[in-house]
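Okay, here's what each chain looks like letter by letter:
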Amino acid sequence: DGPTPDWVIAVVDQIAEGIERAARTTFRARLGVGSGRVEIGHNRRFVRADGSVRMLWANPTRISTYPVDSEVLVLRIDDDSGGTRGILVGYSCHPVVFGPDNLLYSADFPGAMASFVRGELSGEPVVAFVQGAPGDINPFLDKRELTEGAVQSRIEVGGKLGREVLRVAQAIETRPSPESSIEAVRETMTFRSRAQPSAETIDGGLTVLLLDDRYAFVGFPGEPFVEFQLELKRWSDFDAAFFMGYTNGYVRYFPTIRAAVEGGYGADRQVSIVEVGAGERMLRRAKVRLLEMTG
């Protein structure tokens, strides 16, 4: 309520300036994609043999948990002269190396990754991080306190991811697209409320984008469990399929049906507010949309 805060006005102005600057500096692009693997996170829902769940927030000894997605997707964007202008990085892990005692704005380990990669490449290209499906994935070094060396931990985790991103990016061969194309759709899906299934509905925006018929992007409006990302990749015949959480809205967690039955944080009614099976419905719809886009 009340007048718009100065910081909001400043942020909106900067976003508008960025859009204008981008529109003035468009260029003919060459694209290429590659992938690598790096392990910086774990599944924080530790499912015991009897089916019960124990939450494993931090995991400094790196106990193996399942499922996780250790793949790093890298999309490199070059100009006609071969200069790298942009790097898009897709990976699934909550960016929570810093804990609640840190009161400063921070991009956490993705920010450290981006700074590292940008510093190693000529021309200082834009390095953007796409958060995948991290709903049940935490970094091994989770919520470190500042007195425990959280700043150094952030650099360590970001650097480990950054070194793999750099290795993959440098090996990518970009090429022009003879018939550039972009198709996108955003549609609203309506779900029953998990708490009040007969009395309340919740809307969530599904986002699907296809670039050059080669690169697919699927966005959920919240925090999907990693199984949805793994399923999209298994199903996809595209050169790359980027899954994106936190996209165009936020209706909290999307656990799988199995996880919702098992319980644990992110899968229970405490933070999962849409009907059980909402994530499966969204992913099926995204597949249909991508098939329609490819004819």
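Note: the structure precedes this text.
Scope of this entry: the structure provided in the associated data block. Nothing here was measured: the structure is a model prediction, and the numbers come from that model.

Turning next to the nonpolar core. V72, V74, I87, L161 and V165 are the most contacted members of the largest nonpolar core, which totals 26 residues. Secondary structure elements with two or more residues in this core: strand 5 (71-79), strand 6 (84-91), helix 2 (108-120), helix 3 (150-171) and helix 4 (226-235). The residues touching V74, leaving out its near neighbours within four places in the chain, are G32, V33, G34, I87, L88, V165, V168, A169 and I172. If you look at the next biggest cluster of nonpolar residues, it comprises 25 residues, including L232, A241, V251 and F254.

On to empty space enclosed by the protein, then. In this structure the tally under the stated criterion is three cavities of 30 Å³ or more. Its boundaries defined by the atoms lining it, the largest cavity holds a volume of some 70 Å³. Around the largest cavity, the lining residues are E71, L73, G90, Y91, V130, G132, Q229, K233, A241, F242 and F243. Among the elements of the structure, strand 5, strand 6, helix 4 and strand 13 (240-244) are those that each provide at least two residues to the lining of the largest cavity. Tallying contributions element by element places strand 13 first for the lining of the largest cavity, with three residues. Within the lining of the largest cavity, the residues separate by chemical class into six nonpolar, three polar and two charged. Computed from the structure, the second largest cavity encloses a volume of approximately 60 Å³. Together, V38, E39, I40, G41, V68, D69, S70, Y91, S92 and I137 line the second largest cavity. Looking at the lining of the second largest cavity residue by residue, the class counts come to five nonpolar, three polar and two charged.

As a further point, take the packing of helix 2 against helix 3. The geometry of a pair of packed helices is captured by two quantities: the angle between their axes and the separation between those axes. At a minimum axis separation of 7 Å, helix 2 and helix 3 run at an interaxial angle of 50°. Classified by the angle their axes make, helix 2 and helix 3 are oblique. Here helix 2 and helix 3 pass one another in a crossing that is right-handed. Mapping the contact onto sequence places D108, F109, G111, A112, M113, F116, V117 and E120 in helix 2 and R154, I155, V157, G158, L161, G162, R163, V165 and L166 in helix 3.

Read from one edge of the open sheet, four strands run 1-5-6-7, paired in mixed fashion. Each having just a single partner strand, strand 1 (29-37) and strand 7 (126-131) make up the two edges of the open sheet. Within the sheet, the average angular offset between the axes of one strand and its neighbour, ignoring direction, is 20°. Relative to strand 7, strand 6 runs parallel, the two being bridged by six bridges. Residue pairing in the sheet places G86 in a bridge with V126 of strand 7. Packed onto the sheet, helix 2 meets strand 6 and strand 7 and runs at close to 150° relative to strand 7.

As a further point, take the side chain of E187. Here E187 shows up in strand 9 (residues 182-192). Look at E187 and you get buried, because its relative accessible area is 16%. Side chain to side chain, E187 and R289 meet in a polar contact 2.6 Å long. With residues near it in sequence (within four places) discarded, E187 still touches G204, G205, L206, R285 and R289.

The rules behind each value
- Residues numbered from 1 in each chain as written.
- Predicted model: local features only at pLDDT ≥ 70, side-chain atom pairs only at ≥ 80, totals over all residues.
- Heavy atoms only, no water.
- Core = buried A, V, L, I, M, F, W, Y, C linked by side-chain atoms within 4.5 Å.
- Buried < 20%, exposed > 50% of the residue type's maximum accessible area, 1.4 Å probe, protein only.
- Helix = DSSP H or I, 4+ residues; strand = E, 2+ residues; numbered from the N terminus.
- Contact = heavy atoms within 4.5 Å.
- 1 Å grid on protein atoms, 1.4 Å probe; cavity = no way out; pocket = protein on both sides within 12 Å on 5 of 7 lines; lining within 4 Å.
- Points joined across faces, edges and corners; volume = space filled by probe spheres on them.
- Nonpolar A, V, L, I, M, F, W, Y, C, P; charged D, E, K, R; others polar.
- Axes fitted to C-alpha atoms, helices over the stretch in contact; angles between N-to-C directions.
- Parallel < 35°, antiparallel > 145°, perpendicular 65-115°, else oblique.
- Left-handed = near helix turned anticlockwise from the far one by under 90°.
- Pairing = 2+ DSSP bridges.
- Polar contact = N/O pair within 3.5 Å; in protein donor to acceptor, adjacent residues only side chain to side chain.

Interpretation note: all reported values are geometric properties and have no functional meaning in isolation.
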